[in-house]
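Structure assessment
Listed below are the residues making up each chain.
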Amino acid sequence: MKRIAVLTSGGDSPGMNPAIRSITRTGLHKGLEIIGIRNGYQGLLDNEFITLDTHLVSGRIRDAGTFLQTSRCPDFVKEEGVRRALDILADHRIDGLVVIGGDGSLRGARDLHRCGLPVIGLPGTIDNDIYGTDMGIGVDTALNTIIDLVDMIRATAASHRRCFVVEVMGRGSGYLALMTTISTGSQVAVIPEFRMNMESIVRVLGHRFSAHYNNSVIIVAEGVCQGAEFMERLIATSKVKQEVRLTVLGHIQRGGTPTHYDRLLASRMGEMAVLALISGESGSMVSTINGKTQLCDFNDILERRKALPSDAIRLARNIGIEIGDVVES
Ligand code: ATP
């Protein structure tokens, strides 16, 4: 193992930069050459390779996003794309690759591994929807960004006796919505894992309004529906006695300065990825389970759906948050 490449793929997440920095610094410390591939799998197919050094990663531990840039690349999903990528990597004499991204990106990483290239993945996604790791890189920062914003919304909601609907990210997972409903003291989480119960939601709002807690916040995961659609349905019940307003947090959720947790997680995972490649590992994702950084086989995680933590569901119910009804499977 002499030359290792790294790329970021899919949606950016705060912590990707600290991960690239850690990979670069660890690799150089171990006497390797480290190559950055710009713009994800698209940049790989477009031959966008740069040599990384300590100067290029200097200061990156503080920056959200990914300075290597990222993309979604439909061409790479095709067999021909993977074959072309392998040829290009061979041309650049790449002995091993680290892919930082969400589950789609890790599927791409597994394709390259199956063709014989040593590949290690890092879970870089704010959704926290990757099975096999307690946390993804960027999740903690996104949670902290959301709670800062919802705290601000709460101030205006309280001043005007309003109910705010806040749409947060999470296409297939209600993790961000559930956790921030708990940590902001909000009243309702609308999440894909449970069936929303509009009657119960209206009851919660009505009870609060008549008990003079005259403001409420409902957090809606984008994977259920758009916040605007939810608000329309809520108002259509004609049972809400207060003004309802909508805030869509959008891409701001990705842009927070990486928290201590994410900087450390990304640094640890980046280090382990390089050490794993050096020791001949391939086809695994670096994960964190109960605070321990470890490797798990792509095949054990990529076909499985990550469940919400059961203790968080219990906590939400026990402190009176409306999260909907269990969906029969
Ligand atoms: P996020 O969590 O932000 O959505 P992601 O990595 O899941 O991140 P995707 O858009 O699903 O984002 O995937 C990123 C890229 O990974 C795709 O554009 C494609 O190039 C590659 N990819 C996705 N799915 C596959 C697959 N099944 N096989 C091979 N490559 C894939």
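Our subject in this report is the structure included herewith. Quick caveat: nothing in here was measured; it's all calculated off a predicted structure. Think of each chain on its own: its residues are numbered from 1, step by step along the sequence as written. Restriction of local features to residues with pLDDT of at least 70 applies here, the model being predicted, together with a cutoff of 80 or more for giving and counting side-chain atom pairs; totals for whole chains, interfaces and linings are based on all residues. Water and hydrogen atoms were dropped before computing side-chain values, which therefore reflect all heavy atoms in the structure.

**Section: the pairing of strand β9 (residues 216-221)**
Along a regular strand, successive side chains alternate from one face of the sheet to the other. To be explicit about the condition: Three exposure classes are used, based on accessible area relative to the maximum for each residue type with a 1.4 Å probe and protein chains only: buried under 20%, partly exposed in between, and exposed over 50%. Each helix is a run of H or I in the DSSP string that is no shorter than four residues. Each strand is a run of E no shorter than two, and both are numbered from the N terminus. Strands were regarded as paired on the criterion that DSSP finds at least two bridges between them.
Counting buried residues in β9 gives six out of six residues, a clear majority hidden from the surface. In β9, alternate side chains face the same way, and those of Ser-216, Ile-218 and Val-220 on one face and Val-217, Ile-219 and Ala-221 on the other are all buried. Where strand β6 (residues 163-168) and β9 come together, six bridges link them in parallel fashion. Note on β9: the bridge partner recorded for Phe-164 is Val-217. Note: strand β7 (residues 188-190) against β9, three bridges, orientation parallel. Its bridge partner lying in β9, Val-188 is registered against Ile-218.

**Considerations on the environment of Gln-187**
To keep things clear, this is the line we draw: For this analysis, residues touch if any pair of their heavy atoms sits within 4.5 Å.
Residue placement: Gln-187 occurs in the loop between α8 (175-184) and β7. Between the C-alpha atom of Gln-187 and that of Gln-226, which follows or precedes it by 39 residues, the distance is 18 Å. With residues up to four places along the chain from it excluded, the contact list for Gln-187 reads Arg-154, Thr-181, Val-204, Arg-208, Asn-215, Ser-216, Val-217, Gly-320, Ile-321 and Glu-322.

**Re the nonpolar core**
How we decide: By nonpolar core is meant a set of buried Ala, Val, Leu, Ile, Met, Phe, Trp, Tyr and Cys residues that side-chain atoms within 4.5 Å join together.
Grouped together as the largest cluster of nonpolar side chains are 56 residues, with contacts concentrated most on Val-6, Val-98, Ile-100, Leu-122 and Val-166. Those residues in contact with Val-98 that lie beyond four places of it in its chain are Ile-4, Ala-5, Val-6, Leu-7, Ile-23, Ile-120, Leu-122, Ala-273 and Leu-277. Counting 29 residues, the second largest nonpolar core, distinct from the first, contains Ile-37, Val-82, Leu-89 and Met-285.

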